[in-house]
Amino acid sequence: MTEGWGREALRTLGGPLAALAVLVAFNALFTPGFLELEIREGRLYGVPVDILQQGSRIAIVALGMSLVIATAGVDLSVGAVAAIAGAVAAVALRDGGHAPGTAVSMALGASLACGLLNGALVVCLRLQPIVATLILMVAGRGVAQLVTDGLIVTFDEPGFAGLANAAFLGLPRPLWWMVGLFVATAAIVRGSNLGLFIEAVGGNAAASRLAGVPDRRVRVSAYLFCAGCAGLAGVLECSYIQAADANNAGQLLELDAILAVVIGGTALTGGRFSLPGAVLGALILQTLTTTLYMQDVSADVAPAPKALAVLAVCLLGSPPLRARLRELARGGGAAR
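Counting starts from 1 at the beginning of each chain's written sequence and moves along it residue by residue. Where totals are concerned, whole chains, interfaces and linings use all residues; where local detail is concerned, this predicted model gives features only for residues with pLDDT of at least 70, and gives and counts side-chain atom pairs only at 80 or more. Each side-chain value is derived from all of the structure's non-hydrogen atoms; neither hydrogens nor water enter the calculation.

(A) Fine view of the overall build of the chain. A run of H or I in DSSP counts as a helix once it spans at least four residues, and a run of E counts as a strand once it spans at least two, with each numbered from the N terminus. Looking only at helices and strands, the chain features 14 helices and 6 strands. Each radius of gyration reported is based on C-alpha atoms, and the globular scaling rule is 2.2 Å times the count of residues to the power 0.38. Against the compact-globule benchmark of 20 Å for 336 residues, the chain has a radius of gyration of 21 Å, which places it among compact chains. Across its three principal axes, the chain shows a C-alpha extent of roughly 75 × 60 × 35 Å. Burial statistics for the chain: of 336 residues in total, 48% are counted as buried. In the chain, once contacts between residues fewer than 6 apart in sequence are set aside, the share between residues at least 24 apart is 76%. If you sum the accessible surface of the chain, you get close to 15,700 Å²; carbon and sulfur atoms cover 66% of it. Positive charges come from Lys and Arg, negative ones from Asp and Glu, while His and the chain ends are left out of the count. Every charge is mapped onto a representative atom, which is NZ of Lys, CZ of Arg, CG of Asp or CD of Glu. Counting 21 positive and 20 negative side-chain charges, the chain places the averaged centre of each group 15 Å from the other. Only protein chains enter the accessibility calculation, which uses a 1.4 Å probe; a residue is then buried when its area is under 20% of its type maximum, exposed when over 50%, and partly exposed in between. Here, residues are in contact when the closest pair of their heavy atoms is within 4.5 Å. Only the protein chains shown count as cover for residues, and all accessible areas are computed by the Shrake-Rupley method using a 1.4 Å probe.

Shown next, in the form of structure tokens:
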């Protein structure tokens, strides 16, 4: 049931930690300058810092995705929701003259409305989660294009741009947004019965309902939270480039988030999730992507080795495969 921070957590995170260590060791040996760091004007710069900054947006969405998947659902619309949030924020800053805080609130409000729609389709209309969220995945891009009139919306607002471009204690702010969200999420779901409810609903919704778990509210809340995470990622992306590109913002974000969650040990069948694993999975994906680009692998070819590496990590983290390998090792030892 609820995963602790002891032996079971270490067992779940063992494979991802090993994979990340292998990637770092490979780059330390074969990628010149990968581990070099420097401080300029009180801020830390280097490839590892870039990985943390870029990976933090995937990690933010992966935190929300892990709770949705734990309820035996999935959210394919997070990329479109991120695009909508960025579009709303940029237009509010450019045309409405709103303060940065108001623009962020409007963007997160739009993303939560998307999450409520997903939750209603899944819980109230009983659509399959993959179908319900696929609707918004397709339509959401059109909504973002409508908000921006099909244009790339730029703005000049230093306060908003600082959300993703400024630093705190020498590290990029997106990393701190991710850390804060992780701590708050972990405190809520692991410090209360909510985590147990989520895993119970994902494990057996009918049984949890008979046991008094408010399964409908739990599932809707998961979709709301996931959409809010996607909205935050969209706001940070918009802040980083100081523009809203509705056509390209959040592209393939849903696939990266799902892969990060799976790599981190969350079961796609529901009933179990790992928040540290989701963050670790996001860092693995970003490290792998950076490694491929620094090894001069073209963007067109990169998805192939990336998919193979992800498959290897997932297989290493598979309990049935590990058990089978132990059986083979014991059998080989007995034969000798």
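(B) Local environment of the confidence of the model for the chain. Here the chain averages 87 in pLDDT, while 93% of its residues score no lower than 70. By definition, pLDDT measures how confident the predictor is in each residue, and it falls between 0 and 100. Overall, residues 1-5 carries pLDDT values under 50, and its contacts beyond four positions in sequence, including any with other chains, amount to 16 contacts.

(C) Examining the pairing of strand S1 (residues 37-40) more closely. Pairing between two strands is assigned when DSSP locates at least 2 bridges connecting them. Across 4 bridges, S1 lies against strand S2 (residues 43-46) in antiparallel orientation. Within the sheet, the bridge partner assigned to Ile-39 lies in S2 and is Leu-44. With antiparallel pairing between neighbouring strands as the criterion, S1 and S2 make up a hairpin whose turn holds 2 residues, including Glu-41 at a positive phi of roughly 55 degrees.

(D) How the structure looks around the nonpolar core. Judged by nonpolar contacts, the single largest core of 88 residues is most densely connected at Met-65, Phe-160 and Leu-275. Ranked by residues supplied to this core, first place goes to helix H3 (residues 78-94) with 13 residues. Excluding residues within four positions of it along the chain, Phe-160 makes contact with Ala-89, Leu-93, Pro-100, Val-104, Phe-155, Val-235, Cys-238 and Ser-239. Among buried residues, the Ala, Val, Leu, Ile, Met, Phe, Trp, Tyr and Cys ones that are joined through side-chain atoms within 4.5 Å form a nonpolar core.

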